[in-house]
Amino acid sequence: MSRRDPSLVTSSLSGSQSKDGVSVEVNIFRLENEDQWTLEVVNEKGTSIVWDDQFADDDAAFKSFEQVVADDGMATFLDSATVIPFPGR
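Our subject in this report is the structure included herewith. Since the model is a prediction, treat every value here as computed from it, not as a measurement. (Residues numbered from 1 in each chain as written. Predicted model: local features only at pLDDT ≥ 70, side-chain atom pairs only at ≥ 80, totals over all residues. Heavy atoms only, no water.)

1. Some remarks on the packing of aromatic side chains
Applying the stated criterion across every chain yields a total of 3 aromatic pairs. Measuring from ring centre to ring centre gives 5.8 Å for F62 and F65, while their planes differ by 45°; the resulting arrangement is tilted. Taken together, the positions of F62 and F65, both in helix 1 (residues 58-72) and 3 residues apart, correspond to about one turn of that helix. The same class applies to F62 as to F65, namely buried. Members of the aromatic cluster, each reached through a chain of ring pairs, are W51, F62, F65 and F77. (Phe/Tyr/Trp six-rings, centres within 6.5 Å; stacked < 30°, edge-to-face > 60°. Helix = DSSP H or I, 4+ residues; strand = E, 2+ residues; numbered from the N terminus. Buried < 20%, exposed > 50% of the residue type's maximum accessible area, 1.4 Å probe, protein only.)

Here you go:
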């Protein structure tokens, strides 16, 4: 008998968020057999930002997202780093 992989539980707090002309997708999820929630924000270019810490509940995860927006603004999720291409050999 083979084991099945646990299902992913997605919070009802997940969804699109827009402010100051910036839109992101907020994903809050956990494995069905886990208690801790993970927070991920995906920007318009598909860049994923995942919090290192997990959260006791989905509400705490969403509040963490809201706190970042209040402190730093939505622009913090934009791709603003300079990418230097690695030279080919």
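2. As for helix 1
For helix 1, with 15 residues, the first-to-last C-alpha span of 21 Å sits near the 21 Å given by 1.5 Å per residue. If you follow the buried residues of helix 1, they end up packed against strand 2 (15-19), strand 3 (22-31) and strand 4 (38-43). One side-chain oxygen of the residue at the start of helix 1 lies 3.2 Å from the amide nitrogen of D59, identifying that residue as D57. After helix 1 finishes, the residue G73 shows a positive phi value of roughly 85°. (Expected span 1.5 Å × (residues − 1). Contact = heavy atoms within 4.5 Å. Polar contact = N/O pair within 3.5 Å; in protein donor to acceptor, adjacent residues only side chain to side chain.)

3. Notes on the pairing of strand 3
In summary, the side chains of a regular strand alternate between the two faces of the sheet. Across 3 bridges, the pairing between strand 1 (residues 8-10) and strand 3 is antiparallel. Bridge pairing links T10 to F29 in strand 3. Here strand 2 runs beside strand 3; their pairing, made up of 5 bridges, is antiparallel. Pairing of Q17 across the sheet is with V24, part of strand 3. Where strand 2 folds back on strand 3, the antiparallel hairpin that results is connected by 2 residues, among which D20 adopts a positive phi of roughly 55°. (Pairing = 2+ DSSP bridges.)

That's the geometry; what it means functionally is another story.
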